[in-house]
Number of protein chains: 2
Amino acid sequence: MATLPIKIGILGCADIARKVSRAITLSPNSILYAIGSRSSQKASKFALENDFPDSTKIYGSYDAVLDDPEVDAVYIPLPTSLHVDWAVLAARKKKHLLLEKPVALNVKELDLIVEACESAGVQIMDGTMWMHNPRTFKMKEFVSDSSLFGELKSVHSCFTFSANNNFLENDIRVKVDLDGLGALGDVGWYCIRSILWATDYELPKSVLALRGTVVNSAGVILACSASLHWEDGKVATFHCSFLANLTMDVTVVGTNGTLHFHDFVIPFEEKQASFTTAVKSGFTELVTGWEPKPSEHIVVTDLPQEALMVKEFCGLVQSIKFHGKKPEKKWPTLSRKTQLVLDAVNASIASGYTTVEVSS
Amino acid sequence: MATLPIKIGILGCADIARKVSRAITLSPNSILYAIGSRSSQKASKFALENDFPDSTKIYGSYDAVLDDPEVDAVYIPLPTSLHVDWAVLAARKKKHLLLEKPVALNVKELDLIVEACESAGVQIMDGTMWMHNPRTFKMKEFVSDSSLFGELKSVHSCFTFSANNNFLENDIRVKVDLDGLGALGDVGWYCIRSILWATDYELPKSVLALRGTVVNSAGVILACSASLHWEDGKVATFHCSFLANLTMDVTVVGTNGTLHFHDFVIPFEEKQASFTTAVKSGFTELVTGWEPKPSEHIVVTDLPQEALMVKEFCGLVQSIKFHGKKPEKKWPTLSRKTQLVLDAVNASIASGYTTVEVSS
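Predicted model, so just to flag it, every value in this text is computed and none were measured. (Residues numbered from 1 in each chain as written. Chains lettered and ligands numbered in written order. Predicted model: local features only at pLDDT ≥ 70, side-chain atom pairs only at ≥ 80, totals over all residues. Heavy atoms only, no water.)

Engineer: In this structure, what is going on with the interface of chain A and chain B? I would like to understand it.
Structural biologist: Interfaces are often sized by the amount of accessible area the parts lose when they come together. Contacts between the two partners involve 56 residues from chain A and, on the opposite side, 56 residues from chain B. Around 4600 Å² of area is buried between chain A and chain B when both sides are counted, 62% of it from carbon and sulfur atoms. Three residues, Asn245, Phe268 and Trp290 of chain A, lead the burial of chain A against chain B; their summed loss comes to 15% of the area buried on that side. Here Arg18 of chain A ties to Glu285 of chain B by a salt bridge, and the two come within 2.3 Å at their closest N and O atoms. Across the chain A-chain B interface, the total number found is 26 residue pairs in polar contact (both at pLDDT 80 or more). Elements with a minimum of two residues in the side of chain A that touches chain B: helix 1 (16-26), strand 7 (152-162), strand 8 (206-215), strand 9 (221-229), strand 10 (235-241), strand 11 (243-254), strand 12 (257-261) and strand 13 (272-279) of chain A. (Contact = heavy atoms within 4.5 Å. Buried area = accessible area lost by both parts, 1.4 Å probe. Salt bridge = Lys/Arg side-chain N within 4 Å of Asp/Glu carboxyl O. Polar contact = N/O pair within 3.5 Å; in protein donor to acceptor, adjacent residues only side chain to side chain. Helix = DSSP H or I, 4+ residues; strand = E, 2+ residues; numbered from the N terminus.)

Pasting the structure below:
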């Protein structure tokens, strides 16, 4: 059977769908086939404003997208509280799922979604775009190199941005009934994923949230920190917040090497991204300088990371649809591990900062 | 009375004294006047190997340095366990004190030292060299600027280096009876100071060490982490270790701005040092890049930071000796705050990771 592009339908007109719809257009193996909103007028306006192809089907409901037999896959950027219902329904209708993060409000909901996908034989992937940047693979080579990097000892991750008053009053990410995980589910998700990425997805043994969680009047987290602990002594910390200047740090320290990058979720520039490595760093003879010094590496990309995400997702869908392959389990596994740690941090905060064991 | 250079005597032939003796030579207001070791042969060899001026007095004991009436001030790089005895004795003999960090094994000992200095009317300053780098002042301007940086929200500091087997077996910093504070007293001191520096020396309300402390067979700390918490919600974390590649990070995040530097204790180069600031960072229209991007700043220095430290110290001593000024209380105050937090981290580890209140 000929391998044709994957037809994607979008559920809703979320802000992030602007970027992802462009990515669907840019990716060589996907077609921006349909968009559905609760009103067709809204969907139509969104499609127009974001230069959707004229051929894009406009629907006045999410159901209509799911009921279109031409739609291969759906991109779901709905508020997290709606994920379980719409993702399960989409899977049952045999639609492959590109699902925004956080995948679910908790791992129980995530498991319902993943089970529905497994039953239906459809692919699921979460929308953690930076995973697909070629820089991420180059950095992985470095931290996987036992001679250059050695054994992982510590990770620190920080993702903050300064939300304006409108965001802090009206954004779905501060609403308990929409994205009730707040900053932990939004920016914290990325911090946790970056730490798991650095540890090769080895789950920590335990998690301890750190005092100082900031919540709004509805109890939604606006800022929090946590530490993660592994059996072998590895330690990681992260800080995530809606209340501080945009910062996106990951520092990974091994016995032999150190990795730094400061724009981990969204690189400073679309077409290239850099990282800094240091290997067996030492001092000059009188300890008045470093020898060797860290070095910067630049990785260019022809497609932005979100288009590479769509390309990877659609490639997997093509394999299933046209070549009889099974869905790739790596992606739901990574989503689940991220959610497990996120749940543990949430539980630690809820319990008044006790240590919470992480069990898979 | 004419302002003459300050005559400095060094107690002991510690490795760090190589760098500081050079700094005394470089500083315009100091004279490398004497060195004493437990054997004059050892002192003589050290002086020769490190290009001391021919005029430098060589003594076969620390007492002989303290008994030389020409010596204005002493630099004490002895193991921490010896600080209280020799520093108090030196103060009683009216010698001004440049004392290596950690200042003492605990704040009680530090207070004995500071009291002795106050009684004798001599200046005390600890050997935290990076405080004297002109970069430090430029960065302070940034984090003090309410419009550029805003309100401080979080700090992360990391200082690790990879000690070799010889260090891990023989260095004074792994010996319970010499520098018994281990990595916490050595690299951890700097992390704590950097955090206090960022908070304008506001003591945290409480400190919590994080699980994962590594100790050697004698119980000396080789690696540890901690979180610091302020009443107003500021949070800081640090990680210090003898067991990971050389890394020296400080990240300071405010409501409007972010500061990064990656060589905070010893700049990559002796004559210049850089830092990165980001102000009101945001994204491009489709959130595919940053606007504005962070910017790098380079600060050059004619003298290395350790020479500037000596210059600052000797300037204060000159003010006292020749102009009847009182000792500058800022420096012992900073030492004491650093030690208080260090003690609290140590107590948190000793107590099995309970939260320890910090009281001045």
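Engineer: When you look at the environment of Glu169 of chain A in this model, what are you seeing that I'm missing?
Structural biologist: All names here are of chain A. Within the secondary structure, Glu169 sits in helix 7 (residues 165-170). On a C-alpha basis, the gap between Glu169 and Val74 in space is 30 Å, while along the polypeptide they are 95 residues apart. When sequence neighbours within four positions are dropped, the list of residues in contact with Glu169 reads Val174 and Lys175.

Engineer: How do you make sense of the sheet that holds strand 13 of chain A when you look at a structure like this?
Structural biologist: The strands making up a sheet are joined through hydrogen bonds of the backbone, oriented either antiparallel or parallel. Residues and elements named next belong to chain A. Read from one edge of the open sheet, nine strands run 14-13-12-11-7-10-9-8-15, paired in mixed fashion. Among the strands making up the open sheet, the edge pair consists of strand 14 (295-300) and strand 15 (356-357). Sheet analysis places strand 7 next to strand 10, joined by seven bridges and oriented parallel. Of the residues in strand 10, the one forming a bridge with His156 is Thr237. Contacting strand 7, strand 9, strand 10, strand 11 and strand 12, helix 8 (residues 182-198) crosses the sheet at an angle of about 155° to strand 10. (Pairing = 2+ DSSP bridges. Axes fitted to C-alpha atoms, helices over the stretch in contact; angles between N-to-C directions.)

Engineer: Just checking my understanding: could you explain the relation of the copies chain A and chain B for this structure?
Structural biologist: Both copies of the chain are related by one operation, a rotation about an axis with a shift along it. Mapping chain A onto chain B calls for a rotation angle of 180° and an axial translation of 0.0 Å; the resulting RMSD is 0.0 Å. When the rotation and shift are considered jointly, the pair of chain copies conforms to a two-fold rotation axis. Taking C-alpha positions as the reference, the residue of chain A nearest the rotation axis is Thr237 of chain A, at 3.9 Å. A share of 100% of interface residues in chain A that are also interface residues in chain B marks the association as one of identical surfaces. (Least-squares fit on C-alpha atoms with pLDDT ≥ 70 in both.)

Engineer: Which parts of the structure should I look at to understand the state of the cysteines?
Structural biologist: Enumeration over the complete set of coordinates arrives at zero disulfides over all chains. Looking at Cys158 of chain A, it has no disulfide partner, and the nearest cysteine sulfur is the one in Cys191 of chain A, 6.5 Å off. Of all cysteine sulfurs in the structure, the one in Cys240 of chain B sits closest to Cys191 of chain B, which takes part in no disulfide; the separation is 5.5 Å. (Disulfide = S-S within 2.5 Å.)

Engineer: Quick question: what am I supposed to make of the UniProt feature "domain: Gfo/Idh/MocA-like oxidoreductase N-terminal" (unreviewed entry) in chain A here?
Structural biologist: Here, UniProt's "domain: Gfo/Idh/MocA-like oxidoreductase N-terminal" (unreviewed entry) annotation points to residues 6-125 of chain A. Taken end to end, residues 6-125 of chain A is 42% helix and 22% strand, and its first and last C-alpha atoms sit 15 Å apart. (UniProt positions renumbered as here; feature names shortened; annotations may be inferred.)

Engineer: In this structure, what is going on with unusual backbone geometry? I would like to understand it.
Structural biologist: Only a minority of non-glycine residues have a phi that is not negative, and only a minority of peptide bonds are not trans. Cis rather than trans, the peptide bond between Glu291 of chain A and Pro292 of chain A has omega equal to -5°. Counting through the fold element by element, Pro292 of chain A comes out in the loop between strand 13 and strand 14. Phi at Tyr201 of chain A takes a positive value of approximately 65°, unusual for a residue other than glycine. A positive phi angle, near 60°, is found at Asp200 of chain B, a position not held by glycine. Counting through the fold element by element, Asp200 of chain B comes out in the loop between helix 8 (182-198) and strand 8 (206-215).

Engineer: Please clarify how the pairing of strand 11 of chain A should be interpreted in this entry.
Structural biologist: Consecutive residues of a regular strand have side chains that alternate between opposite faces of the sheet. All names here are of chain A. Of all twelve residues in strand 11, twelve are buried; the element is thus mostly enclosed. Pairing of strand 7 with strand 11, which is carried by nine bridges, proceeds in the antiparallel orientation. Note that in strand 11 the partner of Ser157 across the bridge is Val250. Remark: two residues form the turn of the hairpin made by strand 11 and strand 12, two consecutive strands paired antiparallel. (Buried < 20%, exposed > 50% of the residue type's maximum accessible area, 1.4 Å probe, protein only.)

Engineer: Explanation requested: the sheet that holds strand 5 (residues 96-99) of chain A in the structure shown.
Structural biologist: All names here are of chain A. Across the sheet, six strands lie side by side as 3-2-1-4-5-6; this open sheet has parallel pairing. The open sheet is flanked by strand 3 (57-59) and strand 6 (124-126), the only strands paired with a single partner. Each strand axis lies, on average, 25° off the axis of its neighbour in the sheet, ignoring direction. With six bridges joining them, strand 1 (residues 6-11) and strand 2 (residues 30-36) adopt parallel strand pairing. Each bridged residue has a counterpart across the sheet, and for Lys7 the counterpart in strand 2 is Ile31.

Engineer: Just to check I follow, could you spell out the pairing of strand 10 of chain A for this structure?
Structural biologist: Residue and element names in this part refer to chain A. Where burial is concerned, most of strand 10 is hidden: seven out of the seven residues are buried. Bridge count between strand 9 and strand 10: seven bridges; the pairing is antiparallel. Across the sheet, His229 pairs through a bridge with Val235, a residue of strand 10. Between strand 9 and strand 10, which pair antiparallel in sequence order, lie five residues; one of them, Gly233, sits at a positive phi of approximately 100°.

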